[in-house]
Amino acid sequence: MTDAAAVHLAYADLVSLLERIFVRHGVSDHNAKILAKNCAGCERDGSLSHGIFRMAGYVSSLDSGWVDGKAVPEVEDVGPAFVRVDAKGGFTQPAFFAARPLLIEKVKANGVAVLAIRRSHHFSALWPDVEPFAEDGFVALSVVNSMACVVPHGGKKAVFGTNPVAFASPRAGAAPFVFDQASSAIAHGDVQIAARAGHDLKPGMGVDRDGQPTNDPKEILDGGALLPFGGHKGNSIALMVEILSAALTGGYFSGEFDWSGHKGAQTPFTGQFFIVIDPARGGNDVFAERVAGICDLVLEAGQERLPGDRRHVIRAKAEKDGIPLSAESYGKLKALAAG
Ligand code: NDP
Ligand code: PYC
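Residues numbered from 1 in each chain as written. Chains lettered and ligands numbered in written order. Predicted model: local features only at pLDDT ≥ 70, side-chain atom pairs only at ≥ 80, totals over all residues. Heavy atoms only, no water.

The name an unreviewed UniProt entry assigns to the protein chain is Delta(1)-pyrroline-2-carboxylate/Delta(1)-piperideine-2-carboxylate reductase, from the organism Endobacterium cereale. As stated in UniProt under Sequence similarities (unreviewed entry), the record for the protein chain gives "Belongs to the LDH2/MDH2 oxidoreductase family." (UniProt positions renumbered as here; feature names shortened; annotations may be inferred.)

Chemist: Explain the environment of alanine 338 residue by residue, including any values.
Modeler: Here alanine 338 shows up in helix H11 (residues 327-338). The exposed category is assigned to alanine 338, whose relative accessible area is 60%. Separated by 313 residues in sequence, alanine 338 and histidine 25 have C-alpha atoms that sit 9.9 Å apart. (Helix = DSSP H or I, 4+ residues; strand = E, 2+ residues; numbered from the N terminus. Buried < 20%, exposed > 50% of the residue type's maximum accessible area, 1.4 Å probe, protein only.)

Chemist: Describe the site of ligand 2, with residues and values.
Modeler: Taken together, His50, Arg54, Ser146, Met147, Thr162, Ala187, His188, Gly189 and Pro268 are the residues near ligand 2. Contact distances for ligand 2 include 2.7 Å between a nitrogen atom and a side-chain N or O atom of histidine 50. Backbone polar atom of histidine 188 to an oxygen atom of ligand 2: 2.8 Å apart, as the coordinates give it. For the shell around ligand 2, the per-class residue count stands at three nonpolar, five polar and one charged. (Near = heavy atom within 4 Å. Polar contact = N/O pair within 3.5 Å; in protein donor to acceptor, adjacent residues only side chain to side chain. Nonpolar A, V, L, I, M, F, W, Y, C, P; charged D, E, K, R; others polar.)

Chemist: Which residues make up the packing of helix H2 (residues 29-44) against helix H5 (residues 127-135), and what values go with them?
Modeler: Running from N to C, H2 and H5 point in directions that differ by 85°, and their axes come no closer than 10 Å. The pairing of H2 with H5 is recorded here as roughly perpendicular in orientation. Each of Asn38, Gly41, Cys42 and Arg44 in H2 lies in contact with H5, whose residues at this interface are Trp127, Pro128 and Asp129. When its residues are assigned to classes, the contact of H2 with H5 shows three nonpolar, two polar and two charged. (Axes fitted to C-alpha atoms, helices over the stretch in contact; angles between N-to-C directions. Parallel < 35°, antiparallel > 145°, perpendicular 65-115°, else oblique. Contact = heavy atoms within 4.5 Å.)

Chemist: Before we move on, could you go through the site of ligand 1 and cite the residues and values that matter?
Modeler: Surrounding ligand 1, one finds 24 residues, the nearest of these being Ser124, Asp180, Ala182, Gly308 and Arg310. For ligand 1, an oxygen atom lies 2.7 Å from a polar atom in the backbone of alanine 182. Between glycine 308 and ligand 1, the recorded distance is 2.8 Å, taken from a backbone N or O atom to an oxygen atom. For ligand 1, whose unbound accessible area comes to 930 Å², protein coverage reaches 77%. (Areas by Shrake-Rupley, 256 points an atom, 1.4 Å probe, with all protein chains shown as cover.)

Chemist: Describe the side chain of histidine 50, listing the residues and the values that go with them.
Modeler: Here histidine 50 is to be found in the loop between H2 and helix H3 (55-63). At a separation of 3.4 Å, a polar atom in the side chain of histidine 50 contacts the side chain of arginine 54.

Chemist: I'd like a description of the sheet that holds strand E10 (residues 225-226), backed by residues and values.
Modeler: Read across the open sheet, the three strands follow the order E9-E8-E10; overall the sheet is antiparallel. This sheet does not close on itself; its edge strands, each paired only once, are strand E9 (213-214) and E10. As paired strands, strand E8 (residues 206-207) and E10 are joined by two bridges and run antiparallel to one another. Paired with glycine 206 across the two strands is leucine 226, which belongs to E10. (Pairing = 2+ DSSP bridges.)

Chemist: Can you lay out the pairing of strand E5 (residues 139-144) for me, pointing to particular residues and giving the numbers?
Modeler: Looking along a regular strand, one sees the side chains alternate between the two faces of the sheet. The buried count for E5 comes to five of six residues, which makes it a mostly enclosed element. Note that E5 and strand E6 (residues 165-169) share four bridges and pair antiparallel. Each residue of the ladder has a partner; that of leucine 141, found in E6, is phenylalanine 167.

Chemist: Go over unusual backbone geometry, please, and point to the residues and values.
Modeler: Even without being glycine, arginine 119 reaches a positive phi, approximately 55°. By the secondary structure assignment, arginine 119 is in strand E4 (residues 112-121). The class for arginine 119 is partly exposed, based on a relative accessible area of 34%.

Chemist: Tell me what's going on with the packing of aromatic side chains, and back it up with residues and numbers.
Modeler: Tallied over the full model, the rule gives 15 aromatic pairs. With a centroid separation of 5.1 Å and an interplanar angle of 80°, the aromatic rings of phenylalanine 22 and tyrosine 58 are classed as edge-to-face. Note that phenylalanine 22 is positioned in helix H1 (residues 11-24) and tyrosine 58 in helix H3, a separation of 36 residues in sequence. For tyrosine 58, a relative accessible area of 1% translates into the label buried. Measuring from centroid to centroid gives 6.3 Å for phenylalanine 177 and phenylalanine 179, while their planes differ by 65°, and the two rings are edge-to-face. Judged by its relative accessible area of 16%, phenylalanine 177 falls in the buried class. Taken together through their ring pairs, the aromatic side chains of Trp66, Tyr252, Phe257, Trp259 and Phe269 make up a single cluster. Note that arginine 44 overlies the ring of tyrosine 11, its terminal NZ or CZ placed 5.1 Å from the centroid. The ring of phenylalanine 123 carries the charged tip of arginine 54 above its face, separated from the ring centre by 4.6 Å. (Phe/Tyr/Trp six-rings, centres within 6.5 Å; stacked < 30°, edge-to-face > 60°. Lys NZ or Arg CZ within 6 Å of the ring centre and 35° of its normal.)

In structure tokens, the structure reads:
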């Protein structure tokens, strides 16, 4: 944050400003609280591709009528270890919170349970969905598909979304081990940020509208596409995410939904999948210590930091000094809350 006119907001104040924006643009009070905490948490942790930068996109999707901000999800108990939710065209996070208590009950009863969310819009980072499970002592993995903007390895047409995978595990004596990564070479949000800032991307991230490699984020956004990370390996992960998030849940594949009738729509209408495990069932009562042990080995071997460490450093600073916003960003948020 280099802007001299920056403001620093307490997390609670940013939540309440974002909540006002969501409500102003047609989200129910209940859903607005959930979405505002999620988005403010991303900003607080330095997940800037999914923090307040996304608010204009949320508003644009809501105003276009593409997403139902007042949707009331329907939770279905479909097996001893299987929960389904129909998000009814609303955002994923309220559907997730509606199903979470039943999911946890099943994990405790069976040692493992899955949650399949369909007909849902996910427009955020994934770590906020999994990290709290690890804080409560569970291991969690989640995947979500998005909108077709990733060309399969060696392919010519965008089929996959940027399809992230997030994993969280308790770790003794430290914050949970959490990673959260797109299966594309770069998240779409970061391409948008680079385009706005006028920065080129590193080579190997995308192609232009003719399928030729480009480092220009504007060419990627203007008819081009992204590539999976790691060639055929990232490609298979992106495909797995489509299978779990859409085929298994009953949601749409990333290239399947039609938002052309909703000018301004930005939120992908897909599905999300979770596996949550009670590690105590593994019979290892020092599970969290073992996780800490392997993490320590990785650091001792020379990895500069673990995933999640950056967020925790930024979070601690934001909790002390407030969440830094440029005067321009703060002004835009106040304008969205007003109109
Ligand atoms: P990054 O490549 O920035 O980071 C991916 C993971 O690697 C993070 O856990 C990060 O931890 C970790 N990491 C980064 N650098 C290092 C390092 N040097 N050493 C160790 N660990 C490191 O994220 P992506 O660009 O892949 O994704 C960004 C966000 O976009 C994610 O939150 C994702 O959920 C979101 N997204 C959401 C989509 C949706 O449909 N809703 C679609 C695609 C992406 P840390 O956070 O601590 O830096
Ligand atoms: O950053 O790739 C992304 C993304 C897609 C949907 C929400 N975020």
